[in-house]
Amino acid sequence: MADFRADKPTHSTFSNIFYFLKLMFKISPLLVIGECFWGVLMRLPTRIISVLGVKYVIDVIASGDDKMKIVKAVIIIAVVLIVSEILNAVYREFFFSVELEKITKGLSEMLYKKAKDLDLENYDDPDFYNNFILVIESSGARVTMVLGLVQRYIGEVVSLITIGSILFAIDPVCLLIILAAVTIFTPVSRKIGKLQALRQIDNNRLHRRADYFARVFYLQDYCKEVRMNDVKPLLLERYNEAAQDVIDNQRKYVRKIDLIYFFQESGVQIVGFMLLLPLYLGYCVLQKHTLQAGDFVATFNGALQIAGSFSFLTVGVTRQFSESARLIEKYREFLKRKNKIFDGEKTADVGEPKTVELKNVCFTYPGNDHPTLKNINMTIHPKEKIALVGYNGAGKTTLTNLLLRLYDVTEGQILIDGEDIRDVTAESHRDRFSAVFQDFQVFAATLGENVALDTNVDDDRANAALRHSGFSKEVPDGLNTYLLREFDDGGIMMSGGESQKVAISRAFYKNCPYVILDEPSANLDPIAEYNLNQSMIEAADNKTVVFISHRLSTTVSADRIYVMENGEIIEQGSHEELMAMNGTYAYMFNLQAEKYK
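Just so it is clear, the structure is predicted and the values come from calculations on it, not from any experiment.

*Asks:* How do you make sense of a positive patch on the surface when you look at a structure like this?
*Replies:* Judged by side-chain charge, K22, K26, K336 and K338 come together as a positively charged surface patch. Within the element layout of this structure, K22 appears in helix α1 (residues 13-27). Accessibility expressed as a relative area gives 43% for K22, which makes it partly exposed.

*Asks:* I'm lost on helix α3 (residues 68-117) in this one. Help?
*Replies:* Helical geometry: 3.6 residues make up each α-helical turn, so side chains three or four residues apart lie on a common side. In this model, α3 (50 residues) spans 71 Å end to end at C-alpha, consistent with the 74 Å of a helix rising 1.5 Å per residue. Helix geometry: α3 is bent most strongly at R92, by close to 40 degrees.

*Asks:* Explain the pattern of salt bridges here, please?
*Replies:* Working definition: two side chains of opposite charge can pair if their charged atoms are close together. Taken as a whole, this structure holds 16 salt bridges when the rule is applied. In this structure, the salt-bridge partner of K116 is D117, at a minimum N-O distance of 3.6 Å. Connected through salt bridges with shared partners, the residues R43, R47, R152 and E156 form a single ionic network.

*Asks:* Help me out: how do you make sense of the sheet that holds strand β9 (residues 560-565) in this one?
*Replies:* What holds strands together in a sheet is hydrogen bonding between their backbones, with the strands either parallel or antiparallel. With respect to topology, six strands assemble into an open sheet ordered β6-β7-β8-β3-β9-β10, the strand pairing being mixed. Every other strand in the sheet has two partners, leaving β6 (433-436) and β10 (568-573) as the edge strands with one partner each. Strand-to-strand twist of the sheet, defined as the mean angle between neighbouring strand axes without regard to direction, takes the value 15 degrees. Bridge analysis of β6 against strand β7 (residues 514-518) gives four bridges, and the strand direction is parallel. The residue bridging V436 from the neighbouring strand is L517, located in β7. In the packing of helix α11 (residues 396-403) onto the sheet, contacts are made with β3 (385-390), β6, β7, β8 (544-548) and β9, and the angle to β3 comes to roughly 140 degrees. Its contacts with the sheet place helix α15 (residues 496-509) against β6 and β7, and it is angled at close to 170 degrees to β6.

*Asks:* What exactly am I supposed to notice about the environment of M145 here?
*Replies:* Here M145 lies in helix α5 (residues 139-170). Judged by relative accessible area, M145 falls into the partly exposed class, the value being 34%.

*Asks:* Sorry if this is basic, but what is going on with the packing of α1 against helix α2 (residues 29-63) here?
*Replies:* When two helices pack together, their arrangement is given by the angle between their axes and by how far apart the axes lie. The contact between α1 and α2 brings their axes to 5 Å, and the two run at 120 degrees. Considering the angle they form, α1 stands oblique to α2. Counted together, L21, M24, F25 and I27 of α1 and P29, V32 and I33 of α2 form the full contact between these two elements. Grouping the constituent residues of the contact of α1 with α2 by class yields seven nonpolar, no polar and no charged.

*Asks:* Before we go on, may I ask you to explain the layout of surface pockets in this structure?
*Replies:* Counted as a void, the largest pocket has a volume near 1900 Å³. Around the largest pocket, the lining is made up of 38 residues, and of these K116, L406, R430, F437 and L453 lie nearest the centre. Elements that contribute at least two residues to the lining of the largest pocket include exactly α3, α11, α12 (426-430), β6, α13 (447-452) and α15.

*Asks:* When you look at unusual backbone geometry in this model, what are you seeing that I'm missing?
*Replies:* In terms of backbone geometry, most residues other than glycine have negative phi values and most peptide bonds are trans. In this model, N360 sits at a positive phi of 50 degrees, which is unusual for a non-glycine residue. Along the polypeptide, N360 turns up in strand β1 (residues 356-363).

*Asks:* Looking at this structure, how should I read empty space enclosed by the protein?
*Replies:* Any space left empty among the atoms is revealed by the rolling of a water-sized probe across them. Overall, the coordinates contain four cavities of 30 Å³ or more when judged by the stated rule. One number sums up the size of the largest cavity: a volume of about 60 Å³. Lining the largest cavity, in full, are V356, I380, L403, F433, Y514, V515, I516, T544 and V546. Put simply, the parts of the chain that give the lining of the largest cavity at least two residues each are β7 and β8. For the lining of the largest cavity, the leading source of residues is β7, giving three residues. Class assignment of the residues belonging to the lining of the largest cavity gives a composition of eight nonpolar, one polar and no charged. Lining of the second largest cavity is provided by L402, R405, Y407, D408, V409, G412, Q413, I414, D420, I421 and R422. By residue number, the principal contributor to the lining of the second largest cavity is strand β4 (residues 411-416), which donates three residues. Of the residues contributing to the lining of the second largest cavity, the split by class is five nonpolar, two polar and four charged.

What counts, and at which threshold
- Residues numbered from 1 in each chain as written.
- Predicted model: local features only at pLDDT ≥ 70, side-chain atom pairs only at ≥ 80, totals over all residues.
- Heavy atoms only, no water.
- Patch = residues over 30% accessible without salt bridge, like charges linked within 9 Å, V, L, I, M, F, W, Y side chains within 5 Å.
- Areas by Shrake-Rupley, 256 points an atom, 1.4 Å probe, with all protein chains shown as cover.
- Salt bridge = Lys/Arg side-chain N within 4 Å of Asp/Glu carboxyl O.
- Lys, Arg positive; Asp, Glu negative; His and termini not counted.
- Charge placed at Lys NZ, Arg CZ, Asp CG, Glu CD.
- Helix = DSSP H or I, 4+ residues; strand = E, 2+ residues; numbered from the N terminus.
- Buried < 20%, exposed > 50% of the residue type's maximum accessible area, 1.4 Å probe, protein only.
- Expected span 1.5 Å × (residues − 1).
- Bend = angle between axes of the 7 residues up to and from the residue.
- Pairing = 2+ DSSP bridges.
- Axes fitted to C-alpha atoms, helices over the stretch in contact; angles between N-to-C directions.
- Contact = heavy atoms within 4.5 Å.
- Parallel < 35°, antiparallel > 145°, perpendicular 65-115°, else oblique.
- Nonpolar A, V, L, I, M, F, W, Y, C, P; charged D, E, K, R; others polar.
- 1 Å grid on protein atoms, 1.4 Å probe; cavity = no way out; pocket = protein on both sides within 12 Å on 5 of 7 lines; lining within 4 Å.
- Points joined across faces, edges and corners; volume = space filled by probe spheres on them.

Rendered as structure tokens:
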């Protein structure tokens, strides 16, 4: 994907703003409508008062009319302002805050659902990943900003039309002077809006680097390494470098933005308000005598209101809407990101295990020049226990990812019962598999939910699955015990081995014909490893199991072992057959066995 800074937005500014408004309208139409209405109510009364109200009071004084009219006018003005403030407080406290949270929640759910369904390939794209972080982290702030801009936009439009009509009726030339002064400097705002959007994009990228060090210092994963080694000076030095990059980036943009903004604002103020407008008003009052005292004040106040509205609707809107629109463009890109893994027309049958065939399977990761897997041919019979072994980087995990259809093959086919896995829906295909990954995760949920990976937990199955995995830790509330402490201060923390047993139990819990285990015994002691192997054979007796292991003692009981090297299968057979070959497998096995003699 091309760098954001080099791309022109695909959609116009107002197209992006309208797109985001539609997203919010689907979640809370009343809030979007309410903000539009409220933008008018917040601005128009006070501006009409500053023009017509002040004019009325001055005209009464100048004409020597009944002074009680002034008192009545002041009372009416006060009542209008007080009612406006009360309505504003009620609206903000009892409606706006609740509906804003509802919109933020709805948008977050939309983004999370999209993220869940994205192909893993997208996470291999650094530009996409940066934009992904930007979209997720700026969701709430973007809602508030866009609503605020739209609210003000509607209010300023109605105010401009209303006050402009009043001013035009008093003196149309004054209106034209202000509009001309503001229009001259409008193009400058586009440059400011672009710079502000680019600053946020760069800041997000640089902040992500600096945030890494925050995670290092607060996550439990790193705490022992940090305390046992003198790594703190290195981390602090790197953090200071990353933080300085953020500061330097801010300085770079601030200098440019402030200079242009000063030129824009001072130009409008000097040309419009300090030169042309006073000269014209003075001429009308002193020479032509076309304006009375009330007209003079009303005209000047109206001109200020018109200038403010027009300045925002041209300069401010272009600048602020442009910034938001360029970031909303990222929402559109993210939500419309197309997957390369498409659903087939059929639904896979989740029943008894069938024959799995890999025919001339090749795979190259996006952006790589060299294939990770080359010409893989494999036939896995129902209920077989298959082991994949080999050095790091041999392609074992990639092969299991292809079986799970987390990626699609670059060339070749994967067939189950003679049917290409691409001919069925991805979800129904994955329902046939249970997988425990090398980088497994334990979630902030109950023990039972962690086993079932669902809110509906079958207690008998969950307890049986934990028993098969060798999990024996005493927990206070059984399956209802919370793990981790994000949502429960009393949540328990587990060792790496205990966490892995919870992860392994998921493979026993799920009713499916195929199980994939990536390094299932990596964190287990030898006794736990032996018990796991026995349990796996017992519990997965009616399932096809594919497991990756670097501990070759776990592969002895496999029906067939595939030895991989540089993305190819170089040996295959049972343990006894491979030992008789005296090849790579025998060498690796004897090397490990030697350590135990």
